[in-house]
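Each chain, letter by letter, is given below.
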Amino acid sequence: MKRDPYICRLSGRLKASDNGNKARSVLFLDRHKFRIPLSYILSARAYDDYLEDRQRVMDLLAGEIEALPDISYAIRSSTSIEDSGDFSFAGQFQTFTDISGRQNILQAIGMVWESVSETGQNDYSRKVAGSDASIRCAVIIQEMVKARLSGVSFSKNPVNNLNEIIVEAVEGQGEDLVQKGITPHRWRIREGKITEGPADFTLQHVIEEVAKATKHLKKLYKSHIDLEWAYDGQDIYYLQVRSITGSSSIPVYSNKMAREMLPGQIKPLVWSVNIPMVNGTWIQILSEITGKLDVKPDELARPFYYRAYFNMLALGEIFRQF
């Protein structure tokens, strides 16, 4: 009986349950005509079988890898729990870049699988997926782009949640941004205009194109995204896309308004009396307009170094309810 291969060209004809979330995101890019590198998927069936008989699966994979084009690849996981709407699992599993040669690719796949097995037992995984959840792991084998410029972009500011596009780029491979800690070029773009970052950058047209793609993808994805990309000197390739997770509930404090309303230092005794009373009164007044607000007086502002800072996340929720 003929065996279905473990490794196939990444395409929409493959079973979603065997691809993992990251592969589905790459397919999303491809389906919407965003250029992706040559990509293969190692089915989650292989990982299931690997857990039963490691040597047999590795022997079968060795032959299939031999048939792949002789180029360098990025090897990364695509599991059933990564890049969901609530949790990204970023950095939890091994990723390998610039891998070539059958034995090296095989070894990288094995190390990805081992990292998945270890992660399935850690506290983060138990909290997110539940202690009884089983992880199905496909592996993306994606052509390495010989990058002249590469980086990431966000459809909203991941630090303060402002509605602006952030593009970060380094010259060369994007792994330098993550693994070597190289300080990237950085742009903030709001309503198509650069509000921060070099406007005379040599490859400014690439940054502008990435920003447009990020804005368009956010609409297609129906959520805020972060996007990984690379430019080889001729074309921009889009490598991964995922929903921005975990930032919506992070409070961001600002004293821009407070500097005008509450100048000078506010001593602890004054704060302990005035803030609950003043904020409580404002919440009560605003509730007459919006209905009951689920905001406590001490959540609306905090003192830092005797200065008042407003919780912009809480204020944003109040304005949203208006």
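Refer to the preceding data block for the structure.
Quick summary incoming for the structure in this document. Residue indices follow the written sequence of each chain, beginning from 1 at its first position. Local features are withheld for residues below a pLDDT of 70 in this predicted model, meaning they are given only at 70 or higher, and side-chain atom pairs are given and counted only at 80 or more; totals for whole chains, interfaces and linings count all residues. For the side-chain quantities, the full set of heavy atoms in the structure was used; hydrogens and water were omitted.

Okay, the pairing of strand β7 (residues 165-171) next. Burial here depends on accessible area, computed with a 1.4 Å probe over protein chains only, as a share of the maximum for the residue type. Under 20% is buried, over 50% is exposed, and the range in between is partly exposed. Labels follow the DSSP assignment, with helices taken as runs of H or I lasting at least four residues and strands as runs of E lasting at least two, numbered in each case from the N terminus. When you tally the buried positions in β7, you get six out of seven residues, the bulk of the element. DSSP bridges decide pairing: two strands pair if at least two such bridges lie between them. The sheet contact formed by strand β6 (residues 149-154) and β7 spans six bridges and is antiparallel. Bridging across to β7, G151 finds its partner in A169. Here β7 runs beside strand β8 (residues 185-190); their pairing, made up of five bridges, is antiparallel. When the sheet's bridge partners are listed, E168 is paired in β8 with R186.

Let us look at the sheet that holds strand β9 (residues 193-196). Overall, antiparallel pairing links the six strands, which are arranged β9-β8-β7-β6-β10-β11 in an open sheet. With partners counted over all chains shown, the strands left at the sheet margins are β9 and β11 (236-243), one partner each. In this sheet, adjacent strand axes meet at a mean angle of 25° when their direction is disregarded. Where strand β10 (residues 225-231) meets β11, seven bridges bridge the pair, whose relative direction is antiparallel. If you follow L227 over to β11, its bridge partner there is V241. Across the sheet, helix α1 (residues 21-31) touches β10 and β11, and the angle it forms with β11 is around 130°. Contacts from helix α7 (residues 204-221) reach β6, β7, β8, β9, β10 and β11 within the one sheet, and its direction differs from that of β10 by about 145°. Axis definition: a line fitted to C-alpha atoms, limited for helices to the stretch in contact. Angles are taken between N-to-C directions and run from 0 to 180 degrees. In this analysis, two residues are considered to be in contact whenever any of their non-hydrogen atoms come within 4.5 Å of each other.

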